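Remarks on the overall topology
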Amino acid sequence: MVRRTPDGPIELRLTEVEAYDGANDPGSHAYRGRTARNSVMFGQPGHVYVYFTYGMWHCMNLVCGEEGRASAVLLRAGEITEGAELTRERRLSARNDKELAKGPARLATALGVDRSLNGTDACAGPDSPLTVLHGTPTPADQVLNGPRTGVSGPGGVHPWRFWIPNDPTVSPYRPHTPRRRT
């Protein structure tokens, strides 16, 4: 993935993603239908769905299903391969470069992604502020899959988290933990 900024490009090699299947998936933002927040998920594949969570973080998905049927892939983690100096300025708490985009909110922060990029066509090429490139695929037998991080209930059983094992940029798996009300 390439993020073009006024200060220069940032390139990221994806190492971890999670899939979400719209109306068929209780873990999806589109499970209960189209809203102003999730409408990009119902649009053309290759567009970026950015959402704001916990009142402080942005996360980024790529729409991947046919138009009119919501589905997306959450970009959970990656390795910065170019522009690390730009991401370090955004991720001051990262202890090393492997932590710059380790987790979905950290990834979005490292790339300077916020709601202003919601709906961006990531397949539009060099004129787009975000572009997904083909890159060198990791062989399927070198990719693991399992339950999604922090997803509970029926949506938590899907083995739709995919990651490169032993890659230091992959975020740790965390099962859903119900919040205690006080």
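Here we summarise the structure given alongside this text. On a predicted model such as this, the values are computed, not experimentally measured, just so you know. Every residue gets a number counted from 1 within its own chain, in the order that chain's sequence is written. Given that this is a predicted model, residues contribute local features only at a pLDDT of at least 70 and side-chain atom pairs are listed and counted only at 80 or more, while totals for whole chains, interfaces and linings are drawn from all residues. To get the side-chain values, take all heavy atoms of the structure and skip hydrogens and water.

Side note on the overall build of the protein
Basically, it comes down to this: By definition, any uninterrupted DSSP run of H or I lasting at least four residues is a helix, any uninterrupted run of E lasting at least two residues is a strand, and each is numbered from the N terminus. C-alpha atoms define the radius of gyration in this analysis, and the globule rule sets the expected value at 2.2 Å times the number of residues to the power 0.38. Partly exposed residues are those whose accessible area sits between 20% and 50% of the maximum for their type, while under 20% is buried and over 50% is exposed, using a 1.4 Å probe and protein chains only.
Within the protein, the regular secondary structure consists of two helices and eight strands. Traced from its N-terminal end to its C-terminal end, the protein shows the element sequence β-β-β-β-β-α-α-β-β-β. Its C-alpha atoms give the protein a radius of gyration of 16 Å, within 12% of the compact-globule value 16 Å for 182 residues. Overall size of the protein, expressed as C-alpha extent along the three principal axes, is 40 × 40 × 35 Å. Of all 182 residues assigned to the protein, the portion counted as buried reaches 46%.

What to know about a nonpolar patch on the surface
To keep things clear, this is the line we draw: What goes into a patch is any residue over 30% in relative accessible area without a salt bridge, connected to like charges within 9 Å or, for nonpolar side chains (Val, Leu, Ile, Met, Phe, Trp, Tyr), within 5 Å. Using a 1.4 Å probe, accessible areas were evaluated by the Shrake-Rupley method; residue-level cover was limited to the displayed protein chains. When a carboxyl oxygen of Asp or Glu lies within 4 Å of a side-chain nitrogen of Lys or Arg, that pair is called a salt bridge.
A cluster of nonpolar side chains, contributed by Phe52, Tyr54, Met56 and Trp57, occupies part of the molecular surface with about 480 Å² of accessible area. Its place among the elements puts Trp57 in strand E4 (residues 57-63). A relative accessible area of 37% places Trp57 in the partly exposed class.

Details of the pairing of strand E5 (residues 72-82)
Worth spelling out the cut-off: One bridge is not enough; two strands pair if DSSP finds at least two bridges between them.
Bridge count for strand E2 (residues 8-20) against E5 is nine bridges, and the pairing is antiparallel. When the bridges of E5 are listed, Ala19 appears paired with Val73. Where E4 lies against E5, three bridges are found, and the strand directions are antiparallel. Looking at E5, one finds that Val63 is bridged to Ala72.

As far as function goes, none of this settles anything; it's purely spatial.
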